[in-house]
Structures are given as structure tokens and as C-alpha cells.
Amino acid sequence: ETGVTQSPTHLIKTRGQQVTLRCSSQSGHNTVSWYQQALGQGPQFIFQYYREEENGRGNFPPRFSGLQFPNYSSELNVNALELDDSALYLCASSLGTAEAFFGQGTRLTVV
Amino acid sequence: EDKVVQSPLSLVVHEGDTVTLNCSYEVTNFRSLLWYKQEKKAPTFLFMLTSSGIEKKSGRLSSILDKKELFSILNITATQTGDSAIYLCAVRVDSGTYKYIFGTGTRLKVLA
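None of the values given here were measured: they were computed from a predicted structure. (Residues numbered from 1 in each chain as written. Chains lettered and ligands numbered in written order. Predicted model: local features only at pLDDT ≥ 70, side-chain atom pairs only at ≥ 80, totals over all residues. Heavy atoms only, no water.)

**Here's the deal with the state of the cysteines**
Overall, the coordinates contain two disulfides over all chains when judged by the stated rule. Covalently, Cys23(A) is tied to Cys91(A) through a disulfide, its sulfur atoms 1.8 Å apart. On the S-S bond that ties Cys23(A) to Cys91(A), the torsion sits near -60°, and the link is left-handed. One end of the pair, Cys23(A), is in strand β3 (residues 19-24); the other, Cys91(A), is in strand β9 (residues 87-94), with 68 residues separating them in the sequence. An identical accessibility class is assigned to Cys23(A) and Cys91(A); each is buried. The side chain of Cys23(B) participates in a disulfide bridge whose partner is Cys89(B); the two sulfur atoms lie 1.9 Å from each other. Measuring the twist about the S-S bond at about -65°, one finds the Cys23(B)-Cys89(B) disulfide to be left-handed. Of this pair, Cys23(B) sits in strand β3 (residues 19-26) while Cys89(B) sits in strand β9 (residues 85-94), placing them 66 residues apart in sequence. Like Cys89(B), Cys23(B) is buried. (Disulfide = S-S within 2.5 Å. Helix = DSSP H or I, 4+ residues; strand = E, 2+ residues; numbered from the N terminus. Buried < 20%, exposed > 50% of the residue type's maximum accessible area, 1.4 Å probe, protein only.)

**Thoughts on the sheet that holds strand β8 (residues 74-78) of chain A**
All names here are of chain A. If you trace the four strands from one edge of the open sheet to the other, you get β1-β3-β8-β7, paired in antiparallel fashion. Two strands in the sheet have a free side with no partner beyond their single neighbour: β1 (5-7) and β7 (64-68). Pairs of neighbouring strands in the sheet enclose a mean axial angle of 20°, with direction left out of account. Sheet analysis places β3 next to β8, joined by five bridges and oriented antiparallel. Note that in β8 the partner of Arg 22 across the bridge is Glu 75. (Pairing = 2+ DSSP bridges. Axes fitted to C-alpha atoms, helices over the stretch in contact; angles between N-to-C directions.)

**Examining the side chain of Arg92(B)**
Residue position: Arg92(B) is located in strand β9. Buried Arg92(B), no salt bridge; nearest opposite-charge side chain is Asp94(B), N-O distance 4.3 Å. (Lys, Arg positive; Asp, Glu negative; His and termini not counted. Salt bridge = Lys/Arg side-chain N within 4 Å of Asp/Glu carboxyl O.)

Below you can see the structure in the form of C-alpha cells.
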């Protein structure tokens, strides 16, 4: 167990809907990153939050947005869901530049 | 464009065999290279490498980085069925902000 918890574990949504995924970082970690992992692929970096500010973003459209709260927990929001958004969404937390520890992920299915 | 390439894509061995997994990268602003093991969902951290030529070891697993040739290897000796997993290589880049770039992974299956 890494101490990083994500909720929900599974989710089914309809195309066009919006979804919010949540992540509680490991105690003491101030940096949270989100990744999308499609079947058979490595995780793709979505964005990273450090002390409540976004400080890095991958090649994802603006309908992917996020927040980090004062307790360093984080949310990933996806608007206007598309079928291709179906994936495992992973949250990872770290303390600054140290190694990142991953949560169990949220499996999102868009139908 | 930054990229990380892992090989082989998949591997089937028998218990007791030794395996070598490869990771090559082409990135700007390299900071470190990490190895993760992914069995079901959460990748679990194995090693972080920042300096060339210094082997990191944990039990039967070891890894080394070559920053001149831009690659790393992960060795697993005396493999066990519990080593069956996807092994992910990630490179951390830092250009003011930092992010991890992952390879597609190597799927290892160890047969009893």
C-alpha cells in the first residue's frame, strides 16, 4: 500500500457527460500528478499540481482540468466525455522531486 | 518529441531464468529514470536512477543507467512466478515544470 487513495475504483459514464475523479495523496506529499493509461499502453501524463497550482501539463485538451486542495488532495475533471476517454486514471503523489507513488486507479468506461 | 521505448514488448520465461529488460530514451532536460512494476492497477516503485554506471539492487532485481548511450536495463535473476507483471520505465524531465514520460512497458510472464 502506498498511502495514495483514489475514488471511485470503477465508473461508467455516458458520452457527453462530465466526471470527477478524486485522489488523496500520501501524507507529507505536496505534489500530485494524473495519468491516463489506455489498455496495453503506458501511462500518459495529463498534468501535475504542486501546492495548489498546475505546474506541468501533457497533450490533453482543456476539457481535462484539475484542482489541488490545501491538504494536497486533488481532483481530475473531464467534461464532454468521449468514448476514447475510457481508460485507467492513475494519480501519483510525491514530495517535490522524489519518486512518485501511485494509487490503485479509477477505471472509467464511457459508453 | 520526448520518447521512451521499452523492449521487448513481451517475454515468456521459466522459473529460475534470468531476464534483462531494456529502456531507451530521447528526451530533453533529463532528470532521472524510474522503473515500476504493474501487476493489476497501481504501478509500484522499484528504482530511481540519476547517475550513470551506478547499479541499484534490491534482492533479485537490479538496474543500471547509461546516460551517454541513453538507456537503462532492469535485470531479474532467478525469476519466480510472482515476478509476472508489466514493467514500466519512466523518465522524469524538468523544463521548469516536471513530468514523467512512460514507455509502453514490457509484459513478463514467468511459467512454473
